[in-house]
Amino acid sequence: MFVNSGNAQINYGDKTVTNPEAYLVFHSPDLVYSFSHDETLEGYVIYFKSECFSFFKPDLHEEFPFFNRLYTNLFKLDQASFQTLAPHFEDVVASYERSGAESHMEARARLLALFYYMKVFAAERKKITRFATPQCRLPWN
């Protein structure tokens, strides 16, 4: 989740977003994307492996559609939305830093809670749209 993006460009699938005020992006390991930015960019980046949720049985792609590579997963935000979401990200980061080299179980639980919060956020925004699959682009006879 980024704010004050200054001079930024995000490319994912066949979409390009240039200089958004603020944005939130989720991507699956299979999604090819790129972004370039200048030094004014501020925000949060959380990388994790699906194995960190081994205690959580549902498939992350099924439970949280914003990780599915078949869906657009970039949300343009305004400053107010960023300010509303930032404390949730800060909780995850703070719990990770508190736990040191331990198992980070508190951070995992907070990250999972953040995913559920973002699931509702994404549904309310109704910004998730399907990418066209190669099969959709082929003419059917």
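Figured I'd write up the structure that's included with this text.

What counts and what doesn't
Residues numbered from 1 in each chain as written. Predicted model: local features only at pLDDT ≥ 70, side-chain atom pairs only at ≥ 80, totals over all residues. Heavy atoms only, no water. Core = buried A, V, L, I, M, F, W, Y, C linked by side-chain atoms within 4.5 Å. Buried < 20%, exposed > 50% of the residue type's maximum accessible area, 1.4 Å probe, protein only. Helix = DSSP H or I, 4+ residues; strand = E, 2+ residues; numbered from the N terminus. Contact = heavy atoms within 4.5 Å. Pairing = 2+ DSSP bridges. Axes fitted to C-alpha atoms, helices over the stretch in contact; angles between N-to-C directions.

**Quick word on the nonpolar core**
Thinking step 1. Grouped together as the largest cluster of nonpolar side chains are 27 residues, with contacts concentrated most on M1 and L24.
Thinking step 2. Counting only elements with at least two residues in this core, the list comes to β4 (22-25), β7 (74-77), α2 (79-99) and α3 (105-125).
Thinking step 3. Top contributing element to this core by residue count: α3, with seven residues.
Thinking step 4. Residues within four places of L24 in sequence aside, it is in contact with M1, N73, L74, F75, L77, L85, F89, M118 and F121.
Thinking step 5. Judged by nonpolar contacts, the second largest core, of seven residues, contains I10, Y12, Y23 and L74.

**Re the sheet that holds strand β3 (residues 15-18)**
Thinking step 1. On the basis of which strands lie adjacent, the open sheet formed by three strands has the order β3-β2-β5 and antiparallel pairing. Each edge of the sheet is formed by a strand with only one pairing partner; in this case those strands are β3 and β5 (33-36). When strand polarity is set aside, the average angle formed by the axes of neighbouring strands in this sheet is 10 degrees.
Thinking step 2. For strand β2 (residues 9-12) and β5, the ladder comprises four bridges, and the chain directions are antiparallel. Its bridge partner being in β5, I10 is matched across the sheet by F35.

Honestly, that's just the spatial picture; any functional story needs more than this.
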